[in-house]
Amino acid sequence: MSDATSLKKAPAPANGNRRVWQGMGEVRHVGLVAALVLLAIVGLITEPDNFATSGNMVGILALASTIGVITVGMTFVIIGGGIDLSVGALMALASVWATTVATQSYGPWVMALCAILVGAGAGLVNGLLVSYGRLVPFIATLAMLVAARGLAQRMSDRKTQLIRPENDAIEALSTTKVLGLPLVVFIFAAVAVAGWVLLNRTTFGRRTFAVGGNPEAARLAGINIRRHTLALYALSGLCCGIAAIIIMARTTTGSSTHGDLYELDAIAAVIIGGTLLTGGRGTLLGSILGVLVFTLITNLFILNGLQTSDQLIAKGVIIVIAVLLQRRGLRTPT
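Just so it is clear, the model here is predicted, and its values are computed rather than measured.

About the thresholds
Residues numbered from 1 in each chain as written. Predicted model: local features only at pLDDT ≥ 70, side-chain atom pairs only at ≥ 80, totals over all residues. Heavy atoms only, no water. Helix = DSSP H or I, 4+ residues; strand = E, 2+ residues; numbered from the N terminus. Buried < 20%, exposed > 50% of the residue type's maximum accessible area, 1.4 Å probe, protein only. Disulfide = S-S within 2.5 Å. Patch = residues over 30% accessible without salt bridge, like charges linked within 9 Å, V, L, I, M, F, W, Y side chains within 5 Å. Areas by Shrake-Rupley, 256 points an atom, 1.4 Å probe, with all protein chains shown as cover. Salt bridge = Lys/Arg side-chain N within 4 Å of Asp/Glu carboxyl O. Axes fitted to C-alpha atoms, helices over the stretch in contact; angles between N-to-C directions. Left-handed = near helix turned anticlockwise from the far one by under 90°. Contact = heavy atoms within 4.5 Å. pLDDT = per-residue confidence, 0-100. Core = buried A, V, L, I, M, F, W, Y, C linked by side-chain atoms within 4.5 Å. Polar contact = N/O pair within 3.5 Å; in protein donor to acceptor, adjacent residues only side chain to side chain.

Draft legend 1. Highlighting the overall build of the protein. Within the protein one finds 15 helices and 4 strands. For the protein, the residues scored as buried account for 49% of the 334 residues in total.

Draft legend 2. Layout of the state of the cysteines. The tally for this structure, following the rule as stated, stands at 0 disulfides. No disulfide involves C239; its sulfur sits 7.1 Å from that of C240, the nearest cysteine. Owing to a relative accessible area of 0%, C240 belongs among the buried residues under this scheme.

Draft legend 3. Region of the structure containing a nonpolar patch on the surface. Taken together, V136, F138, I139, L142 and V146 make up a surface patch of nonpolar side chains, about 450 Å² in accessible area. Looking at where V146 falls in the secondary structure, it is placed in helix 7 (residues 137–156).

Draft legend 4. How the structure looks around unusual backbone geometry. A positive phi is found at D157, a non-glycine position, where the angle reads about 55 degrees. Within the element layout of this structure, D157 appears in the loop between helix 7 and strand 1 (161–162). The backbone of T252 shows a phi angle near 55 degrees, a positive value even though the residue is not glycine. As for its placement among the helices and strands, T252 is situated in the loop between helix 12 (225–251) and strand 4 (253–254).

Draft legend 5. Just the pattern of salt bridges, in detail. Evaluated as defined, the whole model comprises 3 salt bridges. Across the pair K159 and D157 runs a salt bridge, and its minimum N-O distance is 3.9 Å. Assigned by exposure class, K159 and D157 land together as exposed. One salt bridge connects E166 with R164, and the closest N-O pair in it is separated by 3.7 Å. Here R164 falls in the partly exposed class, since its relative accessible area comes to 30%.

Draft legend 6. Highlighting the environment of A112. For A112, the position within the fold is in helix 6 (residues 108–131). A112 sits in the buried class, given a relative accessible area of 14%. Taking the C-alpha atoms as reference points, A112 and T99, separated by 13 residues in sequence, lie 9.6 Å from one another.

Draft legend 7. View of the packing of helix 4 (residues 87–98) against helix 6. Running from amino to carboxyl end, helix 4 crosses helix 6 at an angle of 145 degrees, the nearest separation of the two axes being 8 Å. Of the two elements, helix 4 crosses helix 6, and the hand of that crossing is right-handed. Each of L90, L93, A94, W97 and A98 in helix 4 lies in contact with helix 6, whose residues at this interface are M111, C114, A115, V118, G119, A122, G123 and N126.

Draft legend 8. Seen up close, the confidence of the model for the protein. With 89% of its residues at a pLDDT of 70 or more, the protein shows a mean pLDDT of 86. Below pLDDT 50 for its whole length, residues 1–18 participates in 22 contacts with residues either more than four positions away or in separate chains.

Draft legend 9. Summary view of the environment of L145. Of note, L145 is situated in helix 7. Taking the C-alpha atoms as reference points, L145 and E263, 118 residues apart in sequence, are found 9.5 Å from one another. Setting aside its immediate chain neighbours within four residues, L145 contacts L85, S86, A89 and E263.

Draft legend 10. Quick look at the environment of G280. Looking at the secondary structure, you find G280 in the loop between helix 13 (262–272) and helix 14 (284–303). Once the C-alpha coordinates of G280 and R207 are considered, the two residues, 73 residues apart in sequence, prove to be 9.7 Å apart. G280 has contacts with I79, F209, G212 and G213, leaving out every residue within four places of it along the chain.

Draft legend 11. Highlighting the nonpolar core. If you look at the biggest cluster of nonpolar residues, it comprises 74 residues, and the most contacted ones within it are V69 and M248. The leading source of residues in this core is helix 12, at 12 residues. Discounting chain neighbours no more than four positions away, the residues touching M248 are S95, A98, T99, A115, I163, I170 and T253.

Draft legend 12. Representation of the side chain of S86 in the model. Topologically, S86 is positioned in the loop between helix 3 (54–79) and helix 4. Only 2.6 Å separates the side chain of S86 from the side chain of D84, close enough to count as a polar contact. If near-sequence neighbours (up to four positions away) are discounted, S86 is found in contact with N126, T141, M144 and L145.

Pasting the structure below:
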């Protein structure tokens, strides 16, 4: 019997619960779109000369691209019942490794491949620690966060590494525009579409929901829990490698300081997008909308000259409200 056939026979949530959650998801998406519209109105009122410019709109999308790619991987991990605190550090490590003198001597394509392999490899280590080492995801990825950031600092000697002029094809991903948008935005869009298809139209996606929702039922259905968990963390690491390419293109550097607190931004975007921290339920569309909401908030704070501390406070309040709304929704009678 195939995994897909077995999965169909696995215990599933009651139809009433499913309908309630789907309805909540649709309402949440509408709410996030409304939040984006409200933030845009605030921008037009407070900074009418700067907010609505094409340059600012492109800047918002470019900024969202880096954290957005990371959020795609984070969404899979959290729906699968895990958490990944190392994503920012993995992106930094991948960017540093790809911009070392030895790597740059092979050209831009090898640099990009190096970033992807480093990210995926480190994610694979996370998966091994969680699935086969039986470490709690929080502890395993926290250890990777510290180790990856330290390795990045050691490799770069705490210095920013510039991309050589002969490797300007990396920078071109940020400077070359198609339909008025830099190529990094299209990379983000491609990753988001691929992630949506993988989550909603494949057996891998169904297994991810099953593993996060009820691991024991998924095991009885014939799903290899350890192997699937390993794949989820490797996928998250792969997204970190792609994000490293984007950050290198935008800054023309590799640095151990890249991605600072990105793990919190990614988790926050996933949460306000409607994905349960306990796993088993969530949408990639909601996560992407969450990224755009936080990016727009950041942009408004910058344009209005507000302090970073105020921005962090606002994000914290949003996260708390989102979690409270989740808990209230879960208590909704069916």
